[in-house]
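# Coordinate analysis (summary)
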Amino acid sequence: MKNKNSQPTPKPDRGDLTKEKLLSTSIDVFGRYGFDGASTRKLADAAGVNLQAIPYYFGGKEGLYIAAAEHLAAIIGGHVADLRTVILERLARLDAEGGAMSPTEARALLTQMAQRMVGLFVSQQSESWARFIIREQMEPTEAFARVYENIMGPMIGMAGRLVGAILGEDPASEQVRLKTLSFVGSILVFRMAHAALLRQMRWLAVGPAELEMLQRHAAGLVEALGENGERRP
C-alpha cells in the first residue's frame, strides 16, 4: 500500500536523457574516429537522437567534445570516489596535526588504490575511455585539460603523496613525481596495452582469476617501492 504522504517518483526529464545518451555514446565515437572523423551525424545516430540535439544542448560538436571529456572524468571519479575520500581525509588530518603518514600506512593505501585502478582498467567499459584519452595524449586539446584537471592530476597527486611517504621524500620533488608517474604507468599498461597483456599471458580474457593475479601483481609493485637503497619501513 502506498503511503498517502508519499510523492510520486518524478520521471526523468527528456532533455536530460537526451544529453546523457549523447555524452555516453560520444566518448566511444570520438575515441574511435577522433574529433575530425566523428561527424555530427555519426554522433547523433550512435546516441539515437535527433541531429539538432547536439547544437541545442551543447552548442555544436566542439561543445559536446568538451562535455564528453568532463563526463568521462566524472565517470572515472565516481569509481574511486569512496577510496579517494578516505585517503584525502587522512592526509588532511595529518597535515592539520603537522604529522607524517607512516610508510606502512602509505603502502596499504597505495595498494588499495592500485588494485582499484587495475580492476577498473581491465573492465570492458574502460575500452572506450582509453581510446578517447590516448587520442588526447597524442594531440592534447582542451578536452585533455578537463580530464587531467578533474581526475588524472588529482589522482596522480594523491598517489605522489603516498609514494613520498613510502620513500620518506618530498612528494613535490622531481624524483618522487617521476617515480609516481612510472608507478601509475605500470598500472595503466593493463588497459593501454590490453591486447599485449592477453597475448603475453596467453589469456583469452581477464576473468576473476586473472584479475586476482593482476591485483596481487599491483600489490607487489607497491611493495617494490623503496628498494635499491631507498628508505623502507
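Below: a short report on this structure. (Residues numbered from 1 in each chain as written. Predicted model: local features only at pLDDT ≥ 70, side-chain atom pairs only at ≥ 80, totals over all residues. Heavy atoms only, no water.)

### Focus on the overall build of the chain
The secondary structure content of the chain amounts to 10 helices and 0 strands. What you see in the chain, going N to C, is helices and strands ordered as α-α-α-α-α-α-α-α-α-α. In terms of overall dimensions, the chain has C-alpha extents of about 60 × 55 × 35 Å along its principal axes. With 233 residues in all, the chain has 39% of them scored as buried. For the chain, the accessible surface area stands at approximately 13,400 Å², while carbon and sulfur atoms represent 53% of it. Of the charged side chains in the chain, 27 are positive and 26 negative; the average position of the first set lies 7 Å away from that of the second. (Helix = DSSP H or I, 4+ residues; strand = E, 2+ residues; numbered from the N terminus. Buried < 20%, exposed > 50% of the residue type's maximum accessible area, 1.4 Å probe, protein only. Areas by Shrake-Rupley, 256 points an atom, 1.4 Å probe, with all protein chains shown as cover. Lys, Arg positive; Asp, Glu negative; His and termini not counted. Charge placed at Lys NZ, Arg CZ, Asp CG, Glu CD.)

### With respect to the packing of helix α4 (residues 61-97) against helix α7 (residues 142-167)
With their axes 9 Å apart at the nearest point, α4 and α7 run at an angle of 20° to one another. As judged from the angle between their axes, α4 and α7 are roughly parallel. Where α4 crosses over α7, the two elements pack in a sense that is left-handed. Classifying every residue of the contact of α4 with α7 by side-chain character gives 16 nonpolar, 2 polar and 6 charged. (Axes fitted to C-alpha atoms, helices over the stretch in contact; angles between N-to-C directions. Parallel < 35°, antiparallel > 145°, perpendicular 65-115°, else oblique. Left-handed = near helix turned anticlockwise from the far one by under 90°. Nonpolar A, V, L, I, M, F, W, Y, C, P; charged D, E, K, R; others polar.)

### A closer look at the packing of aromatic side chains
By the definition in use, this model includes 6 aromatic pairs. Between Phe30 and Tyr65, the ring centres sit 4.7 Å apart and the planes meet at 75°, which makes this aromatic pair edge-to-face. Taken as a pair, Phe30 in helix α1 (residues 14-37) and Tyr65 in helix α4 lie far apart in primary sequence, 35 residues in all. Comparing Phe30 with Tyr65 shows no difference in burial state: the two are buried. The ring of Tyr33 carries the charged tip of Lys42 above its face, separated from the ring centre by 3.9 Å. The ring centre of Phe35 lies 4.4 Å from the NZ or CZ of Lys61, which sits over that ring. (Phe/Tyr/Trp six-rings, centres within 6.5 Å; stacked < 30°, edge-to-face > 60°. Lys NZ or Arg CZ within 6 Å of the ring centre and 35° of its normal.)

### Thoughts on the packing of α4 against helix α6 (residues 126-138)
Their axes nearest at 11 Å, the elements α4 and α6 cross at an angle of 125°. As summarised for this structure, α4 and α6 are arranged oblique, according to the angle between their axes. By crossing handedness, the relation of α4 to α6 is classed as left-handed. Residues Tyr65, Ala68, Ala69, Leu72, Ile75, Ile76 and His79 of α4 pack against Trp129, Phe132, Ile133 and Glu136 of α6. Looking at the contact of α4 with α6 residue by residue, the class counts come to 9 nonpolar, 1 polar and 1 charged. (Contact = heavy atoms within 4.5 Å.)

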